[in-house]
Amino acid sequence: MAPLRTIVQRVAPRAVSAAIRQQARGMATEKQIFNQIQSTKNIQKITSSMKMVSAAKLKGDEARLAAAISFNSWTNQLASAPSPIEDATFEELPQKTLIVPFTSDKGLCGGVNSFISRATKQCVKSLAEQGKESDIVIIGDKGRGQLRRTHGEHIVRSMTDVVAPGNFSLACGLATEIAAAGANDYDAVCIIYNEFVNAAVYKQMYKVIVPYGKLPEGDELLPAYDFDSDKPDAMGDLFEYMVASQLFHSFMDGATSEQSSRMTAMENASKNASEMIDSLTLRYNRARQARITTELIEIISGASALDD
């Protein structure tokens with residue numbers, strides 16, 4: 001049988017190792033806390049930089065939005081006014097509708113894309129309950145990713161990697177893609193987008209554009225005007241131009257809302273990082289103080305043992 005001292009020598013290192021592993025699992029060491037502090041500081045620098053970049057871009061987007069509002073003002077006489085998504089029933093939409101939600105290709109911008117996806121789902125559900133048909137043409141990669149899982153059967157086309165900041169040429173390209181998706185075969189085109197209010201507020205709106213060939217019987221568009229060419233052909237060209245103009249305005253509105261939301265999100269992220277740094281610093285100081293106290297106790301205990 002092995003002596004008692006030999007057994008203690010064999011067991012003690014295992015017990016110490018087990019205790020160290022248990023401590024490492026249950027409580028972070030000073031080095032781990034220090035690394036977390038440095039990582040959080042780096043993240044804070046990134047979010048602060050992104051906030052400043054978004055603030056600079058927001059000024060340009062606001063100027064482009066002001067120009068787009070003036071450019072698109074002519075459509076107020078020919079199309080219905082935008083309506084808020086909140087508490088909307090979509091009863092005014094006709095039997096067959098093409099829904100065009102405006103989302104972004106980039107994230108880290110709060111709930112801009114989630115709100116549009118939620119509004120699109122709400123619109124599809126309401127139309128289905130009313131016995132109406134609907135299809136979706138998505139603009140933006142984030143909206144495609146969110147809607148593809150649940151409403152993939154309704155998606156007929158998606159447009160991603162849209163260059164920002166946008167211009168009217170880009171809006172015309174988007175209108176051409178929507179026309180290629182069969183916009184003229186639908187009774188109406190419904191554009192869902194974010195409307196910019198100020199740097200802290202944006203709201204979800206939708207526009208309904210009815211093709212001029214699908215107007216109710218008895219309603220004639222521009223009856224006081226004479227046309228050199230065939231009026232139905234001219235109305236078709238005017239409808240495509242109106243879609244492009246409305247898309248341009250919606251795109252500028254959505255881009256401005258995206259930058260304002262990203263600026264707010266990065267500001268909140270920077271504040272959260274600052275609070276986390278303070279909390280981790282307090283934990284680090286407590287762990288350091290506990291280590292120093294333990295070392296002092298060991299030194300004093302050793303000195304007392306030598307005196308005895």
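Rules of the game
Residues numbered from 1 in each chain as written. Predicted model: local features only at pLDDT ≥ 70, side-chain atom pairs only at ≥ 80, totals over all residues. Heavy atoms only, no water. Helix = DSSP H or I, 4+ residues; strand = E, 2+ residues; numbered from the N terminus. Buried < 20%, exposed > 50% of the residue type's maximum accessible area, 1.4 Å probe, protein only. Contact = heavy atoms within 4.5 Å. Areas by Shrake-Rupley, 256 points an atom, 1.4 Å probe, with all protein chains shown as cover. Patch = residues over 30% accessible without salt bridge, like charges linked within 9 Å, V, L, I, M, F, W, Y side chains within 5 Å. Salt bridge = Lys/Arg side-chain N within 4 Å of Asp/Glu carboxyl O. Pairing = 2+ DSSP bridges. Core = buried A, V, L, I, M, F, W, Y, C linked by side-chain atoms within 4.5 Å. Polar contact = N/O pair within 3.5 Å; in protein donor to acceptor, adjacent residues only side chain to side chain. pLDDT = per-residue confidence, 0-100. Lys, Arg positive; Asp, Glu negative; His and termini not counted. Charge placed at Lys NZ, Arg CZ, Asp CG, Glu CD. Phe/Tyr/Trp six-rings, centres within 6.5 Å; stacked < 30°, edge-to-face > 60°. Expected span 1.5 Å × (residues − 1). Arc of directions from axis to C-beta.

Draft legend 1. Summary view of the overall build of the protein chain. Helix and strand counts for the protein chain stand at 6 helices and 6 strands. From first element to last, N terminus to C terminus, the protein chain shows the α and β order α-α-β-β-α-β-α-β-α-β-β-α. In the protein chain, which comprises 308 residues, the proportion classed as buried is 36%. When contacts within the protein chain are restricted to residue pairs at least 6 apart in sequence, those whose partners lie at least 24 apart make up 78%. When the accessible surface of the protein chain is split by element, carbon and sulfur atoms take 54% of a total near 17900 Å².

Draft legend 2. Representation of a nonpolar patch on the surface within the structure. A contiguous nonpolar surface patch, about 380 Å² in accessible area, is contributed by I292, L296, I299 and I300. Examined against the element boundaries, I292 turns out to sit in helix α6 (residues 231–307).

Draft legend 3. Spotlight on the sheet that holds strand β2 (residues 96–101). Strand order across the open sheet formed by 6 strands is β1-β6-β5-β2-β3-β4, with mixed pairing between neighbours. Both edges of this open sheet fall to β1 (83–84) and β4 (155–159), since each of them pairs with a single strand only. By the bridge criterion, 9 bridges tie strand β5 (residues 188–198) to strand β6 (residues 201–209) in an arrangement that is antiparallel. What sits directly across from F196, in β6, is Y202.

Draft legend 4. Representation of the nonpolar core within the structure. In this structure, V100, F102, I178, I191 and L247 are the most contacted members of the largest nonpolar core, which totals 35 residues. Among the elements of the structure, α2 (30–71), β2, β3 (133–139), α5 (168–180), β5, β6 and α6 are those that each provide at least two residues to this core. In terms of residues, this core owes the most to one element, α6, which gives 11 residues. Not counting residues up to four positions away in its chain, the partners in contact with I191 are V100, F102, M205, Y206, K207, I209, Q246, L247 and S250.

Draft legend 5. Focus on the side chain of S257. Looking at where S257 falls in the secondary structure, it is placed in helix α6. A polar atom in the side chain of S257 sits 2.9 Å from the backbone oxygen of D253.

Draft legend 6. The pairing of β6, seen in detail. For β6, a buried count of 7 out of 9 residues is recorded, marking the element as mostly surrounded by other parts of the structure. Pairing of β1 with β6, which is carried by 2 bridges, proceeds in the antiparallel orientation. Looking at β6, one finds that S83 is bridged to Y206. If you look at the hairpin formed by β5 and β6, you'll find 2 residues sitting between the two strands.

Draft legend 7. Representation of the pattern of salt bridges. By the definition in use, this model includes 8 salt bridges. Measuring nitrogen to oxygen at the nearest pair gives 2.7 Å for the salt bridge that ties D61 to R64. Of the two residues, D61 and R64 both sit in helix α2, 3 residues apart, roughly one turn of that helix. A salt bridge links R291 to E295; the nearest nitrogen and oxygen atoms lie 3.3 Å apart. Pair noted here: R291 and E295 are both in helix α6, with a separation of 4 residues, about one helical turn. For E295, a relative accessible area of 36% translates into the label partly exposed. What emerges from the salt-bridge pattern is a single network uniting E30, R291 and E295.

Draft legend 8. Examining the confidence of the model for the protein chain more closely. The predicted model of the protein chain averages 85 in pLDDT, with 88% of residues at 70 or higher. Long-range and interchain partners of residues 1–13, a stretch whose pLDDT sits below 50, account for 1 contact in this model, where long-range means more than four residues apart. Segment residues 15–20: pLDDT under 50, and 0 contacts once partners within four positions in sequence are set aside and those in other chains are kept.

Draft legend 9. Up close: a negative patch on the surface. A surface patch of like charges, here negative, comprises D230, D233, D237 and E240. Take E240: it is sitting in helix α6.

Draft legend 10. Focus on the side chain of Q259. Its location among the elements puts Q259 in helix α6. Sequence-distant contacts of Q259, defined by excluding residues within four places in its chain, comprise S54, K57, L58 and D61.

Draft legend 11. Up close: the packing of aromatic side chains. The full count for this structure, using the stated rule, is 9 aromatic pairs. A ring pair is formed by F34 and Y284, whose centres lie 6.2 Å apart and whose planes are at 45°; its orientation type is tilted. Pair noted here: F34 is in helix α2 and Y284 is in helix α6, with a separation of 250 residues, a long-range link. Since its relative accessible area comes to 35%, F34 is described here as partly exposed.

Draft legend 12. Molecular detail of α5. Here α5 spans 18 Å end to end across 13 residues, near enough to the 18 Å set by a 1.5 Å rise per residue. Buried residues of α5: A171, L174, A175 and I178, and no others. Buried residues of α5, seen end-on, are gathered within an arc of 100° and therefore sit on one face of the element. Residues of α5 that are buried in the fold lie against β2, β3, β4 and α6. The opening residue of α5, the one whose side-chain oxygen lies 3.3 Å from the backbone nitrogen of S169, is N167.

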